[in-house]
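Residue-level listing of the chains:
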Amino acid sequence: GFARESGRAGQAVRGLEWHDKGRGQVMLVNLNRRVFVASSLVAGFVGRALAEPELLPPDVAFQIRTGGRFGQAVEVLFLAAPGYYLYAEKFRFETDNKAVRVASVHLPPGQTKWEEEFGKTITFFRGLVRVKVMLEGPTIPVRLMAHAQGCADAGVCYPPVSKTFDFPGGRS
């Protein structure tokens, strides 16, 4: 069977932080700001409004689902929308039961890039990411919390997104 899901996807889009690579961090994204270009010397008229890129809500930009539980193995699926990516080091998993703990997490190979803001090479994922989470302990009902964090190519990084899955005991 499938797990029952619940979750929160961080804060509303208006609370996102703007990370302008190379110039530091600006406090908030203003999605309504427009830039008007006047080209009176060349064309003799006022140009059209140029809008900042429209950002997706966190739960649309980064979707989290489960592929199911098979004994002690749980498959968690993360989907980064086109133009968005997830940081490998920001995946985190935990259970609500001390008797069942996360023993290991297996990520697929990702892409790497130098991240000036962090001063190091980071691993990231685009599109669908299948993560295998191995549990340790009795095969009893358990709640698994999955967390991830990512950014838009436009330079906006989102707060962490989370999803909770309730798994029945035994094989499902």
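Below: a short report on this structure. Counting restarts for each chain: residues are numbered from 1 in the order of the written sequence. Residues qualify for local features only when their pLDDT is at least 70, as the model is predicted, and side-chain atom pairs are given and counted only at 80 or more; totals for whole chains, interfaces and linings, by contrast, use all residues. In computing side-chain properties, one takes all heavy atoms of the structure into account and sets aside hydrogens as well as water.

Next up on the list: the overall build of the protein chain. A count of helices and strands for the protein chain gives one helix and 17 strands. Any residue under 20% of the maximum accessible area for its type is buried, any over 50% is exposed, and the rest in between are partly exposed; the area is computed with a 1.4 Å probe on protein chains only. Put simply, the protein chain has 172 residues, and 36% of those count as buried. Note on definitions: a residue-residue contact is assigned when non-hydrogen atoms from the two residues lie within 4.5 Å. Counting only contacts in the protein chain whose residues sit at least 6 apart along the sequence, the fraction spanning at least 24 positions is 67%. Total accessible area on the protein chain is roughly 10,100 Å²; 55% of this is exposed by carbon and sulfur atoms. To qualify as a helix, a DSSP run of H or I must reach at least 4 residues; to qualify as a strand, a run of E must reach at least 2; elements of each kind are numbered from the N terminus. Methods summary: accessible areas were calculated by the Shrake-Rupley approach with a probe of 1.4 Å, and residue burial reflects only the protein chains presented.

This next bit is on the pairing of strand β7 (residues 73-80). Most of β7 sits inside the fold, with six of its eight residues counted as buried. Two strands pair when backbone bridges link them, and strand β6 (residues 62-70) and β7 are joined in this way by eight bridges, in the antiparallel orientation. What sits directly across from Phe70, in β7, is Ala73. Linking β6 to β7, which pair antiparallel, is a turn of two residues; within it Gly71 sits at a positive phi near 70°. Across eight bridges, β7 lies against strand β13 (residues 127-136) in antiparallel orientation. Counterpart to Phe78 in the pairing with β13 is Val129. Strands were regarded as paired on the criterion that DSSP finds at least two bridges between them.

Here the focus is the environment of Ala80. Structurally, Ala80 is set in strand β7. A residue is classified by how much of its surface remains accessible, and Ala80, at 4% relative accessible area, is buried. Sequence separation between Ala80 and Gln63 is 17 residues, and the spatial gap between their C-alpha atoms is 6.7 Å. When residues no more than four places from it in sequence are discounted, the contact partners of Ala80 are Ala61, Phe62, Tyr85, Leu86, Phe125 and Gly127.

With that out of the way, let us pick up the state of the cysteines. Note that a disulfide, as used here, is simply two cysteine sulfur atoms within 2.5 Å. Applying the stated criterion across every chain, the model contains one disulfide. Linked covalently through their sulfurs, Cys151 and Cys157 form a disulfide whose S-S length is 2.1 Å. For the disulfide bridge between Cys151 and Cys157, the dihedral angle about the S-S bond is near 95°, and by the sign convention the bridge is right-handed. The same class applies to Cys151 as to Cys157, namely buried.

The next subject is the environment of Pro160. Within the fold, Pro160 resides in the loop between β16 (156-157) and β17 (161-167). For Pro160, a relative accessible area of 41% translates into the label partly exposed.

It is possible for side chains bearing opposite charge to pair when their charged atoms get close. Put simply, a salt bridge is a Lys or Arg side-chain nitrogen that is within 4 Å of an Asp or Glu carboxyl oxygen. If you walk through the whole model with that rule in mind, you get seven salt bridges. Of the charged contacts in the structure, one is a salt bridge between Glu75 and Arg130, with a shortest N-O distance of 3.1 Å. A residue pair is termed long-range when its members are at least 10 positions apart, and Glu75 in strand β7 and Arg130 in strand β13 qualify at 55 residues. When its relative accessible area of 47% is taken as the criterion, Arg130 is described as partly exposed. Measuring nitrogen to oxygen at the nearest pair gives 3.0 Å for the salt bridge that ties Arg101 to Glu136.

Taken by themselves, the reported measurements are silent on function.
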